[in-house]
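Spelled out, the chains give:
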Amino acid sequence: IAVDPWFLVASAPQAARLVRTAREVNDRKAVHTEARIGSLLESAPNAKVALLGLAFKPDIDDFRESPALEIAAGLAATHGERLL
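The model shown is predicted, which means the values in this text are computed figures rather than measured ones.

## Some points on the overall build of the protein
No. 1: Looking only at helices and strands, the protein has 3 helices and 0 strands in total.
No. 2: For 84 residues, the compact-globule formula gives about 12 Å, and the C-alpha radius of gyration of the protein, at 16 Å, lies well above that figure.
No. 3: With respect to the three principal axes, the spread of C-alpha positions in the protein is 50 × 30 × 15 Å.
No. 4: Restricting to contacts in the protein with at least 6 residues of sequence separation, those with at least 24 account for 48%.
No. 5: With the model as given, the accessible surface of the protein reaches about 6400 Å², and the carbon-plus-sulfur share is 60%.
No. 6: Each charge class in the protein was averaged separately, 10 positive and 11 negative side chains, and the resulting centres sit 7 Å apart.

## Points about the confidence of the model for the protein
No. 1: For the protein, the mean per-residue pLDDT works out to 88, and 96% of the residues sit at or above 70.
No. 2: Confidence, expressed as mean pLDDT per element, reaches its minimum in the protein at helix 1 (residues 5-11) with 88 and its maximum at helix 2 (residues 17-43) with 93.

## Looking at the side chain of His-79
No. 1: Structurally, His-79 can be placed in helix 3 (residues 67-79).
No. 2: Apart from the residues lying within four places of it in its own chain, the contact partners of His-79 are Gly-38, Leu-41 and Glu-42.

What counts and how
- Residues numbered from 1 in each chain as written.
- Predicted model: local features only at pLDDT ≥ 70, side-chain atom pairs only at ≥ 80, totals over all residues.
- Heavy atoms only, no water.
- Helix = DSSP H or I, 4+ residues; strand = E, 2+ residues; numbered from the N terminus.
- Rg over C-alpha atoms; globule rule 2.2 N^0.38 Å.
- Contact = heavy atoms within 4.5 Å.
- Areas by Shrake-Rupley, 256 points an atom, 1.4 Å probe, with all protein chains shown as cover.
- Lys, Arg positive; Asp, Glu negative; His and termini not counted.
- Charge placed at Lys NZ, Arg CZ, Asp CG, Glu CD.
- pLDDT = per-residue confidence, 0-100.

Here you go:
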């Protein structure tokens, strides 16, 4: 699969329906994960959370394109005082 599967979808929309669906599901995972962590924090008022491993791939320090950044930013905006 191409580095950016959206190129495949754009070039052949009818032939890339599975790729489109997979990308749409993947693209929503960060929102789902943030909401899930937020719910857990709301159910445990004294809990703190540490966000580890924000890089896109293991053993690198490159944060570009990392979905974890969206999660961290959203949690910082809504639960910043509870992040370690």
